[in-house]
Amino acid sequence: MIDYDPFADAIIGGDPHPIYKRMRDDAPAFYLEKYDAWALSRFEDIWNTSLDTVRFTSSKGTLPSQVLTKEQPVIPILNWVDPPDHTMLQKMFLPLLNAAAVKKQADMMRMAVTEFLDDLSGRDEFDVMDDLAMPLASRLIFDFVGVPPSDQPRMRECVSLLFGHDPSDGAVTEEGLRAYEEMNAYCGELAESRRGWTEQPNDAVSAFFQYEQRIGRRMTKEEASIHLGMLVSGGSETIAKGVTLLIYLLHQFPEQKAHVLADRPLILDAFQEALRYDNPTQFLCRTVAQDVTLHGQTLKQGQGVLLLYASGNRDEQEFDRPDEFDVRRGKRRILSFSGGPHLCLGIHFARLEARVLMEELLARFPDYELDVGRARKIKTELTKGFAELPMRLARGAA
């Protein structure tokens, strides 16, 4: 008998992969009576569902707090609408986030990484997440959005509070909710303060105004708040968790680290493999829009659907040796950036940030050591990853 609940302590605080495998083998469409929802665990089912916006909708939300517990309202931002509305909203920031546009930011990213590593190089130890990955990701996304340097320290505090879940149950704290509201309100005020500028920097606020011109109407401060705030929250902790995971896995598997050190172009493959091997985002949700029959089960209109990305990324039907971390696996489709129309808008930004950071980190500190015994992981139903990961620098590293 399979006992799966995304909120169960055994799933949040333990290793969910054994139960994911049982679900793939014995119940690939698993019904969660408590939430009137279905969990899909096989790669192909998750991939196809992500592509199918007719029978599976994002308009009811994609977070468990929206689809399962129904505690969080759904607002019409990019993540929570279907085509054709999604297609239109995607055009707001896509000109800044396509592969060609992101490539132009490589020098800026490298300069930021260099500044952080310069500051850290004099230490014997620092925390990968708190001192490097998270502040770097925040700095880069703040610059991308258009947050002036004078306001970035407070916005960084807001982001840290937003993702500072209660360690006892993984819930967002009251302080975190207030920080989320402050962050979004700031983004709305930022956009309003820039209206009327004769010359606009090439950033997300400017892209927001250009989008207004294309659709022929002025968007409200609230719309600016939610769309710019989405970029800030999505471009900070998520990327930081992924890079920190890669740093950890290269330490845990030294033979894989040796491959990367010998062949630096493998860095991007290693990042992709890290996200496949232990995807920080466990799942996102959809809602059934039309009755669907899958594996002999009828998924009824209005029921929730969990897309178990972390399970699909270990599916034996999609990957050879799925439980092995192999940086030379080669490029394969993975679920870590979602898929279909809702493929992560910042995928190229995330990959470039990871590549540049790892290039510079490995060039300076190829023999880094991690104090895994003092590491601390976050505890939520939705995401996994490190809250703290102390790094010791080898003597003489600079």
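Cut-off values and rules
Residues numbered from 1 in each chain as written. Predicted model: local features only at pLDDT ≥ 70, side-chain atom pairs only at ≥ 80, totals over all residues. Heavy atoms only, no water. Pairing = 2+ DSSP bridges. Helix = DSSP H or I, 4+ residues; strand = E, 2+ residues; numbered from the N terminus. Salt bridge = Lys/Arg side-chain N within 4 Å of Asp/Glu carboxyl O. Buried < 20%, exposed > 50% of the residue type's maximum accessible area, 1.4 Å probe, protein only. Core = buried A, V, L, I, M, F, W, Y, C linked by side-chain atoms within 4.5 Å. Phe/Tyr/Trp six-rings, centres within 6.5 Å; stacked < 30°, edge-to-face > 60°. Lys NZ or Arg CZ within 6 Å of the ring centre and 35° of its normal. Contact = heavy atoms within 4.5 Å.

Taken together, the three strands give an open sheet; going across it, the order is β4-β12-β9, and neighbouring strands pair in antiparallel fashion. Single-partner strands in this sheet number two, and they are β4 (125–127) and β9 (369–370). Relative to strand β12 (residues 390–392), β4 runs antiparallel, the two being bridged by three bridges. Note on β12: the bridge partner recorded for aspartate 127 is proline 390.

Across all of its chains, the model carries 34 salt bridges by this definition. The shortest N-O distance in the salt bridge between arginine 374 and aspartate 371 comes to 3.0 Å. Residues arginine 392 and aspartate 371 are paired through a salt bridge, measuring 3.4 Å at the closest nitrogen-oxygen approach. Placement of arginine 392 in strand β12 and of aspartate 371 in the loop between β9 and β10 (376–377) is noted, with a sequence separation of 21 residues between them. By relative accessible area, aspartate 371 is classed as buried at 16%. Because the salt bridges share partners, they merge into one network encompassing Lys21, Arg24, Asp25 and Glu316.

Glancing now at the nonpolar core. Nonpolar side chains in soluble globular proteins generally cluster together in the buried interior. One finds Phe93, Phe144, Val145, Leu228, Ile247, Met358 and Met391 to be the most contacted residues of the largest nonpolar core, which totals 109 residues. No other element matches the 12 residues that helix α9 (residues 128–145) contributes to this core. Counting 20 residues, the second-largest nonpolar core is a separate cluster that includes Tyr4, Tyr20, Ala27 and Ala39.

This part takes up the sheet that holds strand β3 (residues 56–57). One open sheet holds the five strands; their spatial order is β1-β2-β8-β5-β3, and the pairing between them is mixed. Every other strand in the sheet has two partners, leaving β1 (29–32) and β3 as the edge strands with one partner each. Where strand β5 (residues 284–288) lies against strand β8 (residues 304–307), four bridges are found, and the strand directions are antiparallel. By the bridge assignment, cysteine 285 is partnered in β8 with leucine 306.

What follows deals with the packing of aromatic side chains. Inspection of the entire model under this criterion finds 12 aromatic pairs. Ring geometry for phenylalanine 43 and tryptophan 47: centres 5.7 Å apart, planes at 15°, overall stacked. Here the residue phenylalanine 43 and the residue tryptophan 47 both occupy positions in helix α3 (residues 43–51), the gap between them amounting to four residues, near one helical turn. A residue is classified by how much of its surface remains accessible, and phenylalanine 43, at 1% relative accessible area, is buried. Members of the aromatic cluster, connected to one another through ring pairs, are Tyr4, Tyr20 and Phe30. For the cation-ring pair, arginine 276 lies above phenylalanine 319, with the distance from its terminal atom to the ring centre recorded as 5.2 Å. Here arginine 314 stacks its cationic end above the ring of tyrosine 277, 4.3 Å away from the centre of that ring.

Summarising the element assignment, glutamine 105 is placed in the loop between α7 (99–103) and α8 (106–120). A residue is classified by how much of its surface remains accessible, and glutamine 105, at 14% relative accessible area, is buried. Setting aside residues up to four positions removed in sequence, glutamine 105 forms contacts with Leu96, Phe144, Phe349 and Leu352.

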